[in-house]
Amino acid sequence: MEEPADKELQIVPDSQALERRASGRGNARKQANAVSEPTVIAADGVRSLVTKLSQRYCKDGRPFAIASLDILEYEQVSNVLGAGAAEQLDRLGKVVCTNSLRGSDRVCFFEPGHILILLPDTNEASAHLVMERITQSIASAKLQHKNKPLRASGAFQVAASDIAESGVEILAPDTEALMESVGYKFDAQGYLYNTQLSSMRLFTKKQRPFSGSFSVWSDRYVNIQTTKLEKSVDSSPLPQGVIFIRATAEDQWQANRTVNLKMFELADRAGKFDAEALGLVARRARVLQQIDHPGVSRLVDFHTYEDRCLYLIENQVIGKPLINVRANLETVLGWGIQLCNTLIYLQGLMPPLIPPPLKIENFVVSADNQIVLLDYEMPYLLTPLMVQSDTADIVFSPLSAPYNRFGMENLLMFLYDMIAKSEQNRNLSELFDVKDADKLSEKLNSLFKIRAELKKAADKISAGATA
């Protein structure tokens with residue numbers, strides 16, 4: 001019986017991480033002190049589990065790996081020798097995986113002959129070693145079908161959270177990219193599918209990423225008032241080749257409700273966004289629609305026109321611009337804690353949402369003293385539409401100059417500026433008990449550490465005020 005995907009993940013000491021897998025063959029399972037079998041999860045539980053592993057990586061730095069295993073002979077044996085012979089190969093792969101993995105591991109028997117494995121607390125090198133042992137066990141197994149020998153071999157792919165991208169620090173692993181690198185994706189409805197299996201085309205319905213008539217959709221929003229028009233130039237954070245228009249509109253479906261409208265239009269009127277890229281944009285837009293967090297504005301609607309204009313409808317955030325608000329140090333520290341909570345939440349999405357560099361102009365303070373981040377979604381939505389080259393061969397998605405993303409140093413500088421402008425100016429190194437200011441970034445190298453230090457500083461100030 002399958003256990004739920006969100007079952008509490010076990011922590012296995014480093015000394016035992018590979019010991020269990022190496023002893024999985026033979027009669028090891030019969031020993032009284034044998035570690036429990038890996039949990040079998042359904043395909044619809046993979047997404048939530050990968051998200052949980054990614055969140056844990058961001059919080060505690062604990063790595064994880066994803067591996068796919070394919071029994072190479074499965075389809076051929078099924079076609080030549082029949083389903084019974086192919087079932088023996090599938091059963092062999094399941095038994096070897098079950099006997100070779102830890103109790104903390106997760107295995108998804110996706111389709112006969114095709115297996116997806118999730119390995120918590122495992123780096124890339126260890127994952128390769130695990131999969132090599134599994135494939136060796138499969139290759140050495142002796143099977144028979146109608147008194148004739150039946151051989152099997154396995155092919156695997158591995159992706160891990162600890163793989164750096166061109167030496168750049170990874171704030172959160174791109175879980176969708178990890179899944180894709182082992183041959184699996186999530187469709188527009190969030191269902192898992194194997195990119196190599198044509199049979200999965202029956203599993204998911206082909207749908208337009210932006211459904212419904214644009215003219216009917218646009219009739220909902222009236223009295224559009226343009227507030228700002230921006231064009232991409234060399235110094236602009238906008239991608240090259242796009243015109244960005246900000247406006248307000250009235251939502252006729254909800255009386256007296258004003259919304260913000262953002263439109264991204266290709267400057268080249270003959271150009272079009274790539275259809276597959278638009279599908280990714282639509283899927284990410286649906287993720288943003290599900291966000292329910294006080295620290296960010298919310299996307300409520302979206303559509304595209306002639307595959308060259310992208311429209312976003314957002315709720316209006318009522319509040320004062322942060323740049324115009326002056327507060328005491330305790331309040332500013334509270335805002336810093338709120339910001340860390342917001343960034344941690346965004347990086348827990350799938351794929352993780354890492355906003356552009358933080359600027360005080362992109363924040364407002366709501367009536368309940370919550371700082372709210374605006375324009376955080378642009379890199380998340382527009383990155384799939386961008387290309388890395390401006391060669392003449394490229395016809396579609398003619399956007400370039402991808403966004404910069406915020407980093408720990410940017411966050412520290414943002415906090416420093418807020419604290420410096422508070423009514424009680426304090427130095428960051430003094431506030432966080434760091435004698436050498438150059439060592440500040442070493443002590444505060446994650447969102448969770450920064451949040452913890454902000455809480456300590458706030459508690460000290462609060463205790464001093466009440467003493």
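Everything below is about the structure shown above.
What you are looking at is a predicted structure, and each value in this text was computed from that prediction instead of being measured.

Chemist: Would you explain the pattern of salt bridges in this entry?
Modeler: Think of it this way: side chains of opposite charge can pair up when their charged atoms draw near. According to the stated counting rule, one finds 17 salt bridges in the structure shown. Among the charged side chains, a network of salt bridges with common partners joins Arg246, Lys262, Glu314, Asp375 and Glu377.

Chemist: For this particular structure, what's the right way to read the packing of helix H4 (residues 83-100) against helix H5 (residues 124-140)?
Modeler: When two helices pack together, you describe them by how their axes are tilted relative to each other and by the distance separating the axes. Here H4 crosses H5 at 135°, and the two axes come no closer than 10 Å. Considering their axes alone, H4 and H5 lie oblique with respect to each other. Considering the relative orientation of H4 and H5, their crossing is right-handed. Contacts between H4 and H5 pair Leu92, Gly93, Val96, Cys97 and Ser100 from the former with Ile134, Ser137 and Ile138 from the latter.

Chemist: What exactly am I supposed to notice about the sheet that holds strand E17 (residues 371-373) here?
Modeler: For sheets, the rule is that strands pair by backbone hydrogen bonds, running either parallel or antiparallel. On the basis of which strands lie adjacent, the open sheet formed by three strands has the order E15-E16-E17 and antiparallel pairing. A single partner strand is all that each edge strand has here, and the edge strands are strand E15 (319-321) and E17. If you compare each strand with its neighbour and ignore which way they point, the axes differ by 35° on average. Where E15 meets strand E16 (residues 363-366), three bridges bridge the pair, whose relative direction is antiparallel. Within E16, the residue paired with Pro321 across the bridge is Val364.

Chemist: Would you take a moment to explain the packing of aromatic side chains for this structure?
Modeler: Two aromatic rings are characterised by how far apart their centres lie and by the angle between their planes. Applying the stated rule across the entire model yields eight aromatic pairs. With a centroid separation of 4.6 Å and 0° between ring planes, the pair formed by Phe244 and Phe264 is classed as stacked. Note that Phe244 is positioned in strand E11 (residues 242-251) and Phe264 in strand E12 (residues 257-266), a separation of 20 residues in sequence. Relative accessible area serves as the criterion here: at 1%, Phe264 is assigned to the buried category. What links up through ring pairs into an aromatic cluster is the set Phe214, Trp217, Tyr221, Tyr305 and Tyr311. Directly above the aromatic system of Phe186 lies the positively charged group of Arg47, at a separation of 5.0 Å from the ring centroid. A cation over a ring is seen here: Lys94 above Phe109, with NZ or CZ 5.3 Å from the ring centre.

Chemist: What should I look at first to understand the pairing of strand E13 (residues 299-305) in this one?
Modeler: Look at any regular strand and the pattern is simple: side chains alternate between the two faces of the sheet. Burial of E13 is extensive: six of the seven residues sit out of reach of the surface. Across six bridges, E13 lies against strand E14 (residues 309-315) in antiparallel orientation. Paired with Tyr305 across the bridge in E14 is Cys309. Counting the residues that bridge the hairpin from E13 to E14 gives three residues, and of these Glu306 lies at a positive phi of roughly 50°.

Chemist: What is the right way to look at helix H2 (residues 46-60) in this model?
Modeler: A turn of α-helix holds 3.6 residues, and therefore any two residues three or four places apart point the same way. The first and last C-alpha atoms of H2 sit 21 Å apart over 15 residues, in line with the 21 Å expected at 1.5 Å per residue. Here H2 has its buried residues at Val46, Leu49, Val50, Thr51, Leu53, Ser54, Arg56, Tyr57 and Cys58. With its phi angle positive at about 75°, Gly61 sits one or two positions after the end of H2.

Chemist: Before we go on, may I ask you to explain the nonpolar core in this structure?
Modeler: What tends to happen in soluble globular proteins is that the nonpolar side chains get buried as a cluster. Counting 64 residues, the largest nonpolar core has Leu322, Leu333, Leu411 and Ile450 as its most contacted members. The contact partners of Ile450, leaving out residues within four places of it in the chain, are Cys340, Met408, Leu411, Leu412, Leu415 and Leu444. Of all hydrophobic cores here, the second largest spans 28 residues; its members include Tyr74, Ala85, Val107 and Val130.

Rules behind the numbers
- Residues numbered from 1 in each chain as written.
- Predicted model: local features only at pLDDT ≥ 70, side-chain atom pairs only at ≥ 80, totals over all residues.
- Heavy atoms only, no water.
- Salt bridge = Lys/Arg side-chain N within 4 Å of Asp/Glu carboxyl O.
- Axes fitted to C-alpha atoms, helices over the stretch in contact; angles between N-to-C directions.
- Helix = DSSP H or I, 4+ residues; strand = E, 2+ residues; numbered from the N terminus.
- Parallel < 35°, antiparallel > 145°, perpendicular 65-115°, else oblique.
- Left-handed = near helix turned anticlockwise from the far one by under 90°.
- Contact = heavy atoms within 4.5 Å.
- Pairing = 2+ DSSP bridges.
- Phe/Tyr/Trp six-rings, centres within 6.5 Å; stacked < 30°, edge-to-face > 60°.
- Buried < 20%, exposed > 50% of the residue type's maximum accessible area, 1.4 Å probe, protein only.
- Lys NZ or Arg CZ within 6 Å of the ring centre and 35° of its normal.
- Expected span 1.5 Å × (residues − 1).
- Core = buried A, V, L, I, M, F, W, Y, C linked by side-chain atoms within 4.5 Å.

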